[in-house]
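# Descriptive analysis of the structure
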Amino acid sequence: MVGKAVYSWWEYPSVIIVADPGQVDADLATGRLACPHCGGRLRPWAHATSRRVRQLDGSTTLVRPRRARCTGCRATQVLLPGTLVPRRADAAQVIGAALVAKARGRGWRRIAADLDRPPATVRRWLRAARGHHLAWLRHQAVRHAALLAPEVLADLAAQPTDLGDALAAFGAAVAAWRRRYVRHAEAWTLIGAFTRGRLLTPI
Ligand SMILES: [Zn+2]
């Protein structure tokens with residue numbers, strides 16, 4: 001993590017997931033963002049290809065992620081807002097809403113109808129957040145909450161399902177992050193950063 005615990009990254013591909021996209025340009029301009037490979041300063045380096053992302057209300061938003069290049073090793077990074085889920089057309093908020101609905105006992109057909117998304121797509125999301133991956137998600141949530149404000153974990157109540165437990169842990173991590181940094185930060189954008197863009201298993 002660099003600066004305000006706003007950034008997380010994958011080793012490969014060279015993507016940094018950003019919890020607070022409004023902060024990126026300022027951090028790059030002042031050299032506060034370090035290269036995950038060598039620790040050198042990242043500087044602005046044009047933009048990545050823009051893409052359309054479907055939002056909860058059905059509208060699409062054009063997102064043009066910032067690129068950065070390291071002044072040391074010259075590796076380039078894409079700074080992807082946590083609101084995007086790599087290789088998925090829907091925003092993290094949409095996929096998150098499907099996961100929350102499932103934890104409340106809804107089936108995939110009903111969730112798809114409620115969200116106005118194709119049933120097969122919703123079923124793929126739900127299948128991509130279970131088993132080992134779900135355990136990994138919960139671990140990321142607990143780890144971030146413990147780092148930021150361990151006391152929030154004391155309020156966690158056991159949920160009826162593993163998915164419910166993972167979502168409750170994310171709720172705690174989001175509360176901990178907001179308490180320490182930016183109160184209005186959007187929950188699923190933060191969760192996108194906590195999970196390094198891997199809310200769902202890669203396809
Ligand atoms: Zn570097």
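Residues numbered from 1 in each chain as written. Predicted model: local features only at pLDDT ≥ 70, side-chain atom pairs only at ≥ 80, totals over all residues. Heavy atoms only, no water.

In the annotation of an unreviewed UniProt entry, the protein is listed under the name DUF6431 domain-containing protein and assigned to Phytohabitans maris.

As assigned here, the protein comprises domain 1 (7–81) and domain 2 (92–186). Taken together, the contacts link six residues of domain 1 with seven residues of domain 2. For domain 1, the biggest contributors to the area lost against domain 2 are Asp-20, Arg-54 and Leu-56; these three give 74% of the whole. Inspection of the domain 1/domain 2 interface yields zero salt bridges. Counting every contact that joins domain 1 to domain 2 gives one residue pair in polar contact (both at pLDDT 80 or more). Residue composition of the side of domain 1 that touches domain 2, by class: two nonpolar, two polar and two charged. (Domains from an automatic or database assignment. Contact = heavy atoms within 4.5 Å. Buried area = accessible area lost by both parts, 1.4 Å probe. Salt bridge = Lys/Arg side-chain N within 4 Å of Asp/Glu carboxyl O. Polar contact = N/O pair within 3.5 Å; in protein donor to acceptor, adjacent residues only side chain to side chain. Nonpolar A, V, L, I, M, F, W, Y, C, P; charged D, E, K, R; others polar.)

A few words now on the coordination of the zinc ion. Metal coordination angles in their ideal form are 109.5 degrees for the four-donor tetrahedron and 90 or 180 degrees for the six-donor octahedron. In this structure, Cys-35 (SG), Cys-38 (SG), Cys-70 (SG) and Cys-73 (SG) serve as the protein donors to the zinc ion, at separations of 2.3 to 2.4 Å. Each of the four donor atoms bound to the zinc ion contributes to angles spanning 96 to 118 degrees, and the resulting shape is tetrahedral. Each donor residue of the zinc ion belongs to the same chain, with the gaps between them written as C-x2-C-x31-C-x2-C. Remark: Cys-70 occurs in strand E6 (residues 66–70) and Cys-35 occurs in the loop between helix H1 (24–29) and strand E3 (42–47); sequence separation between them is 35 residues. Take Cys-35 and Cys-70: they sit in the same class, and that class is buried. (Donors = N, O, S within 2.8 Å, 3.2 Å for Na, K, Ca; no water. Tetrahedral: all angles 85-135°; square planar, octahedral: opposite > 155°, others 65-115°. Helix = DSSP H or I, 4+ residues; strand = E, 2+ residues; numbered from the N terminus. Buried < 20%, exposed > 50% of the residue type's maximum accessible area, 1.4 Å probe, protein only.)

What follows deals with the confidence of the model for the protein. Confidence in the prediction for the protein averages 89 pLDDT; 93% of positions are at 70 or higher. Per-residue pLDDT, averaged within each element of the protein, yields its smallest value for strand E1 (residues 7–9) (67) and its largest for helix H3 (residues 108–115) (98). (pLDDT = per-residue confidence, 0-100.)

Bringing a positive patch on the surface into the picture now. On the surface, a cluster of positive charge is made up of Lys-102, Arg-109, Arg-123, Arg-127 and Arg-130. Inspection of the secondary structure assignment puts Lys-102 in helix H2 (residues 92–103). (Patch = residues over 30% accessible without salt bridge, like charges linked within 9 Å, V, L, I, M, F, W, Y side chains within 5 Å. Areas by Shrake-Rupley, 256 points an atom, 1.4 Å probe, with all protein chains shown as cover. Lys, Arg positive; Asp, Glu negative; His and termini not counted. Charge placed at Lys NZ, Arg CZ, Asp CG, Glu CD.)

If you check the backbone angles, Arg-87 has positive phi at about 65 degrees while not being a glycine. Assignment of secondary structure puts Arg-87 in the loop between strand E7 (76–81) and H2. Its identity is not glycine, yet Arg-196 carries a phi of approximately 55 degrees, on the positive side. Here Arg-196 is to be found in the segment after helix H8 (187–194).

This model, assessed by the stated rule, comprises seven salt bridges. A salt bridge links Asp-25 to Arg-66; the nearest nitrogen and oxygen atoms lie 3.2 Å apart. One end of the pair, Asp-25, is in helix H1; the other, Arg-66, is in strand E6, with 41 residues separating them in the sequence. The exposure class assigned to Arg-66 is buried, which follows from its relative accessible area of 18%. One salt bridge connects Glu-151 with Arg-179, and the closest N-O pair in it is separated by 3.1 Å. Separated by 28 residues along the polypeptide, Glu-151 in helix H6 (residues 151–154) and Arg-179 in helix H7 (residues 162–180) bring together distant segments of the chain. Using a relative accessible area of 44% as the deciding quantity, one classes Glu-151 as partly exposed.

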